[in-house]
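Overview (structure and organization)
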Amino acid sequence: MELLKGEKEAILKHTKEIFQEFEAKRENLIPILQEVQKRLGYLPRLAMQKIAEFLGIPPVDVFALATFYNQFRLNPPGKNEIKVCMGTACYMVGGKIALESFERRLNIKEGQTTPDREYSLERVACVGCCTLAPVVVVNEQIEGKVSPTRVDGIILSLQGEKSKEGEEANEDTKEKLKGEKQ
Ligand code: FES
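These numbers come from a predicted model, not from an experiment.

In terms of helices and strands, the chain carries seven helices and four strands. Ordered by position from N to C terminus, the α and β elements of the chain give α-α-α-α-β-α-α-β-β-β-α. Relative to the compact-globule value of 16 Å for 182 residues, the chain shows a C-alpha radius of gyration of 20 Å, a clear excess of over 25%. Residue burial in the chain is summarised as follows: out of 182 residues, 36% are buried. The contacts of the chain with a sequence gap of at least 6 include a subset with a gap of at least 24, amounting to 61%. Accessible surface for the chain amounts to roughly 11100 Å². Of this, 52% is attributable to carbon and sulfur atoms.

Here we take up the sheet that holds strand β2 (residues 119-124). Ordered by their spatial adjacency, four strands build an open sheet running β2-β1-β3-β4, and the pairing between neighbours is mixed. Two strands bound the open sheet, and with one partner strand each, they are β2 and β4 (141-143). The mean inter-strand angle of the sheet, taken between neighbouring strand axes irrespective of direction, is 25°. Pairing between strand β1 (residues 80-85) and β2: six bridges, direction parallel. Along β2, the bridge assignment pairs V84 with R123.

Bringing the side chain of E35 into the picture now. The residue E35 is located in helix α2 (residues 29-40) in this model. For E35, the contacting residues outside a window of four places in its chain are I18 and E21.

Inspection of the secondary structure puts S101 in helix α6 (residues 95-106). You can call S101 buried: its relative accessible area is 6%. Sequence-distant contacts of S101, that is, excluding residues within four places in its chain, are made with P148 and V151.

Let's shift gears to the pattern of salt bridges. The tally for this structure, following the rule as stated, stands at 18 salt bridges. Among the ionic pairs, R73 bridges to E122, the shortest N-O distance being 3.6 Å. Of the two residues, R73 is situated in the loop between α4 (59-68) and β1 and E122 in strand β2; the sequence distance between them amounts to 49 residues. Given the relative accessible area of 22%, R73 is considered partly exposed. The partner of E103 in a salt bridge is K109, with the nearest N and O atoms 4.0 Å apart. In this structure E103 comes out as buried when scored by relative accessible area, which is 14%. Linked through salt bridges whose partners overlap, the residues forming this network are K13, E17, E21, E35, K38 and R39.

We now examine a nonpolar patch on the surface. A contiguous nonpolar patch, built from Y91, M92 and V93 and spanning about 340 Å² of accessible area, is present on the exposed surface. Considering the arrangement of structural elements, one finds Y91 in helix α5 (residues 88-92).

Turning to the domain arrangement of the chain, a few remarks are in order. Interface size is commonly expressed as the accessible area that is lost once the parts come together. Under the domain assignment used here, the chain contains domain 1 (7-68) and domain 2 (80-178). Domain 1 and domain 2 are separated by 30 Å when their C-alpha centres are compared.

What counts and how
- Residues numbered from 1 in each chain as written.
- Predicted model: local features only at pLDDT ≥ 70, side-chain atom pairs only at ≥ 80, totals over all residues.
- Heavy atoms only, no water.
- Helix = DSSP H or I, 4+ residues; strand = E, 2+ residues; numbered from the N terminus.
- Rg over C-alpha atoms; globule rule 2.2 N^0.38 Å.
- Buried < 20%, exposed > 50% of the residue type's maximum accessible area, 1.4 Å probe, protein only.
- Contact = heavy atoms within 4.5 Å.
- Areas by Shrake-Rupley, 256 points an atom, 1.4 Å probe, with all protein chains shown as cover.
- Pairing = 2+ DSSP bridges.
- Axes fitted to C-alpha atoms, helices over the stretch in contact; angles between N-to-C directions.
- Salt bridge = Lys/Arg side-chain N within 4 Å of Asp/Glu carboxyl O.
- Patch = residues over 30% accessible without salt bridge, like charges linked within 9 Å, V, L, I, M, F, W, Y side chains within 5 Å.
- Domains from an automatic or database assignment.

This is the structure in structure tokens:
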């Protein structure tokens, strides 16, 4: 995933600060990864390379450990986080179909983020609303009985919010320019 403007600098700054808090010992690998993820929201490749350099271990060891534990995320969270429940109740009544519909519509696989970082998609375990199965959590909000048509509706409404934000930003700029002219 390509880094955003200023992200490289942020990664270097945070990793440098974090390294001051830890001894360069291999047993500190997990706590360091946790701290990086806490600060940056995920584990960028560059950060993992820096960690490997700091600990004097091969980068592949860092990547292997980060991929082994599901507490670590290797992709940045999207602006819109979509979590599809794959608990038994949801799975049985179409959770997988909902997940596949999101994958097709967003053109990413579960665990990934769209290149523009607008959407991230992941599977989660039972979220405790089995009567509404299949359940999807969109930006912390529960959506129940999610059919493929509902998937389209969810994405359309998220896209609608985005274009509304864009219009509002344009209005703000217009207002600002108007104010400057007066
Ligand atoms: S299995 Fe999906 S909410 Fe319980």
